[in-house]
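# Analysis of the macromolecular model
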Amino acid sequence: DQQVKQNSPSLSVQEGRISILNCDYTNSMFDYFLWYKKYPAEGPTFLISISSIKDKNEDGRFTVFLNKSAKHLSLHIVPSQPGDSAVYFCAASRRGGSNYKLTFGKGTLLTVNP
Amino acid sequence: DTGVSQDPRHKITKRGQNVTFRCDPISEHNRLYWYRQTLGQGPEFLTYFQNEAQLEKSRLLSDRFSAERPKGSFSTLEIQRTEQGDSAMYLCASNRDNSNQPQHFGDGTRLSIL
């Protein structure tokens, strides 16, 4: 039973445009959410996180939005760059932070075309 | 900060053999996590430690799997009597308790069962 779902296996955007990656979750106990980026042959790299007490968190070109009523979060990358091409994983945790097991989605492959 | 280190990067073995992987977390990180990732899936939680204490094990961790962190620093994950279904990427992550730091991942050990 997938508690964290990334329904788009892939996404292709033009350099300079906005990339929007989506994630849905089913477990209402999740209260902390993270996005990781993964290049081939490397481990996941942390990008940005958001607590359930917020609805938006911004870090440079990356913004994460959380809609708790819809159990939906999204990652916006503006402007997109070719170096952003990677697999993006959405992850969730139940205990208000990163000090507990993470539940991951299946990932979305983002391709940014020059 | 030298990052999370995992050894070996690749392991190829015959079915029925035992294998052991090592993870060296970032120094002073007292929490250490093991995840497994198969093709087309996100990482799945296996177990985690706080210092030398193993606090939780997933039901994915059958009796053939054992993890240790004897001195609260590096950790080992052993798989006995390997099966075809054990082929996966085994990822280790670490962070500091109560710091709300994200989990930092190593580059993983890819296990292939012949």
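Attention in this report is confined to the structure presented alongside it. (Residues numbered from 1 in each chain as written. Chains lettered and ligands numbered in written order. Predicted model: local features only at pLDDT ≥ 70, side-chain atom pairs only at ≥ 80, totals over all residues. Heavy atoms only, no water.)

## Points about the overall build of chain B
The secondary structure content of chain B amounts to zero helices and eleven strands. Element order for chain B, N to C, with α for helix and β for strand: β-β-β-β-β-β-β-β-β-β-β. Scaling as 2.2 N^0.38, a compact globule of 114 residues should have a C-alpha radius of gyration of about 13 Å, and chain B matches this with 13 Å. For chain B, the spread of C-alpha atoms along the three principal axes comes to 40 × 25 × 20 Å. Going through the 114 residues of chain B one by one, you find that 48% of them count as buried. Roughly 5,800 Å² of accessible area belongs to chain B as shown, and the carbon and sulfur atoms make up 41% of that amount. (Helix = DSSP H or I, 4+ residues; strand = E, 2+ residues; numbered from the N terminus. Rg over C-alpha atoms; globule rule 2.2 N^0.38 Å. Buried < 20%, exposed > 50% of the residue type's maximum accessible area, 1.4 Å probe, protein only. Areas by Shrake-Rupley, 256 points an atom, 1.4 Å probe, with all protein chains shown as cover.)

## Some points on the sheet that holds strand β7 (residues 65-68) of chain B
All names here are of chain B. Sheet architecture is open: four strands sit in the order β1-β3-β8-β7, paired in antiparallel fashion. The sheet is open, and its two borders are formed by β1 (5-7) and β7, each paired with just one other strand. Mean inter-strand twist for the sheet, computed between neighbouring axes without regard to direction, equals 15 degrees. (Pairing = 2+ DSSP bridges. Axes fitted to C-alpha atoms, helices over the stretch in contact; angles between N-to-C directions.)

## Description of the pairing of strand β6 (residues 53-57) of chain B
Residues and elements named next belong to chain B. Bridge count for strand β5 (residues 44-50) against β6 is four bridges, and the pairing is antiparallel. Pairing of F49 across the sheet is with Q54, part of β6. In textbook terms, the turn of a hairpin is the stretch between consecutive antiparallel strands, and for β5 and β6 this stretch comprises two residues, one of which, N51, has a positive phi near 55 degrees.

## A few points about the interface of chain B and chain A
Residue-level contacts link 25 residues of chain B with 22 residues of chain A. When the two sides are added together, the surface that chain B and chain A hide from each other amounts to roughly 1,700 Å², 49% of it contributed by carbon and sulfur. For the pair chain B and chain A, the interface holds one salt bridge. In this structure, the salt-bridge partner of E56 of chain B is K101 of chain A, at a minimum N-O distance of 2.9 Å. Those elements that place two or more of their residues in the side of chain B that touches chain A are β4 (31-37), β5 and β9 (88-95) of chain B. A per-element tally of the side of chain B that touches chain A places β4 of chain B first, with four residues. When grouped by side-chain class, the residues that make up the side of chain B that touches chain A number eight nonpolar, eleven polar and six charged. (Contact = heavy atoms within 4.5 Å. Buried area = accessible area lost by both parts, 1.4 Å probe. Salt bridge = Lys/Arg side-chain N within 4 Å of Asp/Glu carboxyl O. Nonpolar A, V, L, I, M, F, W, Y, C, P; charged D, E, K, R; others polar.)

## Brief notes about the environment of E15 of chain A
Residue and element names in this part refer to chain A. Residue placement: E15 occurs in the loop between β2 (10-14) and β3 (19-25). In this structure, the C-alpha to C-alpha distance between E15 and P79, residues 64 residues apart in sequence, is 7.2 Å. In this structure, E15 is in contact with S80, P82, V112, N113 and P114, ignoring residues within four places of it in sequence.

## Points about the state of the cysteines
Residue and element names in this part refer to chain B. The full count for this structure, using the stated rule, is two disulfides over all chains. Here C23 connects covalently by a disulfide to C92, the sulfurs 1.9 Å from one another. In this structure the cystine formed by C23 and C92 twists about its S-S bond by roughly -70 degrees; its chirality is therefore left-handed. You can see C23 sitting in strand β3 (residues 19-24) and its partner C92 sitting in strand β9, a full 69 residues away along the chain. (Disulfide = S-S within 2.5 Å.)

## Some details on the side chain of S80 of chain A
Residues and elements named next belong to chain A. For S80, the position within the fold is in the loop between β8 (72-77) and β9 (86-93). Only 2.8 Å separates the side chain of S80 from the backbone oxygen of R17, close enough to count as a polar contact. With residues near it in sequence (within four places) discarded, S80 still touches V13, Q14, E15, G16, R17, I18, S19, R61 and V112. (Polar contact = N/O pair within 3.5 Å; in protein donor to acceptor, adjacent residues only side chain to side chain.)

## A few points about the environment of I20 of chain A
All names here are of chain A. Of note, I20 is situated in strand β3. Spatially, the C-alpha atoms of I20 and L110 are 9.5 Å apart, while their sequence positions differ by 90 residues. With residues up to four places along the chain from it excluded, the contact list for I20 reads L11, S74, L75 and H76.

## So, the side chain of D86 of chain B
All names here are of chain B. You can see D86 is positioned in the loop between β8 (75-79) and β9. Within polar-contact distance, the side chain of D86 engages the side chain of R64 at 2.9 Å. D86 has contacts with R64, F65, I79, L111 and I113, leaving out every residue within four places of it along the chain.

## Focus on unusual backbone geometry
Residue and element names in this part refer to chain A. Going from V78 to P79, the amide bond is cis rather than trans, its omega being -10 degrees. With a phi angle near 50 degrees, K71 is a residue other than glycine that sits in the positive phi range. The topology assignment puts K71 in the loop between β7 (62-67) and β8. For K71, a relative accessible area of 27% translates into the label partly exposed.

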